[in-house]
Amino acid sequence: MPRIPAALFGLTLAALLQAQSPFAAAPPAPSPVPVLKDYPDTPAGKLLREIKEHTEVVARVEHLCDVIGPRLTGSEQLRQAQAWAMAEMKRLGAVNVHEEAYDFGLAWTRGVDSARLLTHNRLRFRVDQLAWTPGTKGLVKGDLLLVDARNLEELKAFKGQLKGRILLRTNPDDKRPPLSRRGGGFETYQAEQAAMTQFLLDEGALATLSMSGRKNGLSFTSGGAGRDPKKLALPAAYAPQEPYRMLLRLLARKEPVTLELSLGGTFSAAPVQAYNVVGEIPGREQPGEVVVVGGHLDSWDLGTGATDNATGSSVALEVLRAFQATGLKPRRTLRVILWSGEEQGLLGSRAYVEAHKAELDAIQAVLVDDMGTGMVQGFTLQGRENCRRLMAQAIAPLNDLGVKELSLRVMGSTDHAPFDRAGVPAFAAIQEPVDYFLGTHHSQMDYPDHLVPDQLVQGAQAMAVTAWELAEMPARLPHGRVALPVTGAVNPSAPR
Ligand SMILES: [Zn+2]
């Protein structure tokens with residue numbers, strides 16, 4: 001996964017991944033998980049055995065997905081999941097179980113989306129509205145136009161042609177050299193996007209359609225700007241590749257192509273609060289020092305958010321379960337945090353870091369699992385070479401399970417990142433991707449069917465043992481900010 005500024009995640013990682021892998025091949029079959037012949041009579045050995053023999057990690061994902069369902073931040077379903085997670089934490093022996101609120105902005109609810117050609121073959125096809133964009137308030141009809149402008153300057157070339165049009169914003173056959181990357185960071189990018197949206201609204205465009213980057217009819221979603229009531233947005237949706245490319249072929253005939261579109265998303269009347277769920281096992285000797293294990297409980301809503309990120313949430317709860325079942329009491333406090341608003345830009349973890357600024361020095365480390373069902377191969381050191389020796393010690397009991405990699409790589413796109421930027425040693429699990437980036441991530445196939453149970457169980461073992469070792473070791477991981485260049489890129493044609 002590329003490093004991008006956290007604030008860009010909700011808005012552009014989706015687009016970035018789209019840009020990177022629109023025609024990638026099918027994912028390889030999952031690798032076999034190494035089998036341990038015996039378990040040493042150590043705390044790590046006890047945790048490994050407990051999780052292997054009595055895991056609840058798959059059952060918990062199934063409950064979250066099949067019974068509760070998709071968990072868009074701000075939704076009633078996420079609130080249900082949070083109530084369930086708190087009950088689960090208490091059942092698993094955690095104390096100080098509570099929620100922490102932060103301001104989120106407007107909530108958004110998906111409605112019924114539809115698209116139908118009124119010319120040519122009159123096909124109905126799937127479209128999925130981008131979350132946090134306005135609905136069309138019923139059926140709208142418009143002639144299609146390919147508008148593959150990548151910035152305001154290119155967009156201005158379409159002046160006078162956009163009124164009443166539905167715009168196709170992806171050009172998969174674009175042969176132009178990429179725009180040179182300019183400095184300025186997130187604010188500049190945001191300002192450019194806002195100016196483009198303003199231009200489209202002023203010109204009277206009806207809506208935009210973008211092409212899903214996934215093959216074989218898979219759709220995709222991400223979020224638009226409308227969470228902030230002051231920001232402008234235009235109705236926008238993704239269409240799968242096959243119907244989208246059909247629209248492009250029809251346009252290439254130089255004949256009018258008319259589409260009937262309805263996007264049913266609606267906003268809440270007023271801004272809402274969002275919540276993080278927290279529970280802990282107090283340390284037996286140094287309760288004031290903390291090892292954090294977390295995942296994000298929120299999800300997108302085309303599927304049920306099984307691999308993004310019911311898996312990481314369930315793994316974090318499994319760490320609690322394994323500690324309780326083995327009776328192991330860590331030297332430092334184990335704190336499990338299930339964040340929200342991750343998909344809109346790491347909002348929950350950013351709010352947590354902001355609210356706990358004064359206590360960050362007491363955090364030994366933060367471990368986050370957010371790359372789906374795949375087994376854990378190691379952790380990203382986020383450029384923290386000075387943490388390598390102690391992290392190597394922490395994962396040593398897991399080496400035979402395939403957990404060996406300590407990459408200096410900086411991953412910026414999940415909830416460890418705000419901690420990392422605040423100077424806390426915070427690491428993301430490096431996981432076998434399985435079909436995450438080619439399939440389940442943000443698409444309508446994100447159901448528990450795509451779990452690989454052996455790999456997920458190995459992931460829970462890896463997180464539990466690493467957390468235990470970090471909680472137990474006498475030494476403290478070195479803190480401090482690591483200066484690194486921003487290597488993230490922004491796809492300028494990200495749909496708005
Ligand atoms: Zn995620």
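About the cut-offs
- Residues numbered from 1 in each chain as written.
- Predicted model: local features only at pLDDT ≥ 70, side-chain atom pairs only at ≥ 80, totals over all residues.
- Heavy atoms only, no water.
- Helix = DSSP H or I, 4+ residues; strand = E, 2+ residues; numbered from the N terminus.
- Donors = N, O, S within 2.8 Å, 3.2 Å for Na, K, Ca; no water.
- Tetrahedral: all angles 85-135°; square planar, octahedral: opposite > 155°, others 65-115°.
- Buried < 20%, exposed > 50% of the residue type's maximum accessible area, 1.4 Å probe, protein only.
- UniProt positions renumbered as here; feature names shortened; annotations may be inferred.
- Expected span 1.5 Å × (residues − 1).
- Contact = heavy atoms within 4.5 Å.
- Phe/Tyr/Trp six-rings, centres within 6.5 Å; stacked < 30°, edge-to-face > 60°.
- Lys NZ or Arg CZ within 6 Å of the ring centre and 35° of its normal.
- Pairing = 2+ DSSP bridges.
- Axes fitted to C-alpha atoms, helices over the stretch in contact; angles between N-to-C directions.
- Core = buried A, V, L, I, M, F, W, Y, C linked by side-chain atoms within 4.5 Å.

1. Notes on unusual backbone geometry
So, step 1. Between Asp-308 and the following residue, Asn-309, the backbone shows a cis peptide bond with an omega angle of 10°.
So, step 2. Inspection of the secondary structure puts Asn-309 in helix α8 (residues 306–326).
So, step 3. In this structure, Trp-132 is a non-glycine residue whose phi angle is positive, near 55°.
So, step 4. By the secondary structure assignment, Trp-132 is in the loop between β4 (128–129) and β5 (140–146).
So, step 5. With a phi angle near 55°, Asn-216 is a residue other than glycine that sits in the positive phi range.

2. So, the coordination of the zinc ion
So, step 1. Taken together, His-296 (NE2), Asp-308 (OD), Asp-370 (OD) and Asp-370 (OD) make up the protein donors of the zinc ion, found 1.9 to 2.5 Å from the metal.
So, step 2. Around the zinc ion, the 4 donor atoms sit at angles spanning 53 to 153°, and that spread fits a shape best called irregular.
So, step 3. Each donor residue of the zinc ion belongs to the same chain, with the gaps between them written as H-x11-D-x61-D. Here Asp-370 lies in the loop between β13 (363–368) and β14 (376–380) and His-296 lies in strand β11 (residues 286–296), a separation of 74 residues in the sequence. Of the two residues, His-296 and Asp-370, both sit in the buried class.

3. Description of the UniProt feature "domain: Peptidase M28" (unreviewed entry) in the chain
So, step 1. In this numbering, the UniProt entry assigns the feature "domain: Peptidase M28" (unreviewed entry) to residues 276–464.
So, step 2. Within residues 276–464, the helical portion is 32% and the strand portion 24%, while the C-alpha atoms at the span's ends are 21 Å from each other.

4. Comments concerning helix α2 (residues 43–54)
So, step 1. Over its 12 residues, α2 extends 16 Å from the first C-alpha to the last, a length consistent with the 16 Å expected when each residue adds 1.5 Å.
So, step 2. As for α2, its buried residues are in contact with α8 and α13 (453–472).

5. A word on the environment of Leu-248
So, step 1. Following the sequence through the fold, Leu-248 ends up in helix α7 (residues 241–252).
So, step 2. Residue Leu-248 is classed as buried on the basis of its relative accessible area, which comes to 13%.
So, step 3. Once the C-alpha coordinates of Leu-248 and Arg-71 are considered, the two residues, 177 residues apart in sequence, prove to be 34 Å apart.
So, step 4. Beyond its immediate stretch of four places on either side in the chain, Leu-248 contacts Leu-146, Leu-168, Thr-170 and Pro-172.

6. Side note on the packing of aromatic side chains
So, step 1. Applying the stated criterion to the full structure yields 8 aromatic pairs.
So, step 2. Feature note: the residues Phe-104, Trp-108, Trp-132 and Trp-300 constitute an aromatic cluster, connected by ring pairs.
So, step 3. Over the ring of Phe-104 we find Arg-227; its NZ or CZ atom is 5.1 Å from the centre of that ring.

7. Structural notes on the sheet that holds strand β10 (residues 266–281)
So, step 1. The 8 strands lie next to each other as β1-β10-β12-β11-β13-β16-β14-β15, forming an open sheet whose pairing is mixed. Edge positions in the sheet fall to β1 (95–109) and β15 (405–407), since each of these pairs with one other strand and no more. Taking each pair of neighbouring strands and ignoring which way they run, the sheet shows an average axis angle of 25°.
So, step 2. Relative to strand β16 (residues 426–431), β13 runs parallel, the two being bridged by 3 bridges. Within the sheet, the bridge partner assigned to Leu-367 lies in β16 and is Phe-427.

8. Notes on the nonpolar core
So, step 1. Within the largest apolar cluster, 69 residues are counted, with the highest numbers of intra-cluster contacts made by Phe-379 and Met-391.
So, step 2. Non-local contacts of Met-391, meaning those with residues more than four positions away in its chain, are made with Leu-367, Phe-379, Leu-381, Leu-406, Phe-427, Thr-466, Leu-470 and Leu-477.

9. Topic: the sheet that holds strand β9 (residues 258–262)
So, step 1. With mixed pairing, the 8 strands of this open sheet are ordered in space as β3-β2-β9-β5-β6-β7-β8-β4. Lying at the two open borders of the sheet, with one neighbouring strand each, are β3 (124–125) and β4.
So, step 2. One ladder, built from 4 bridges, connects strand β7 (residues 207–211) with strand β8 (residues 236–239); its direction is parallel. Following the sheet pairing, Leu-209 is matched in β8 by Ala-237.

10. What about the environment of Ala-351?
So, step 1. Relative to the helices and strands, Ala-351 is located in helix α9 (residues 347–355).
So, step 2. Sequence-wise, Ala-351 and Tyr-102 are 249 residues apart; in three dimensions their C-alpha atoms are separated by 6.5 Å.

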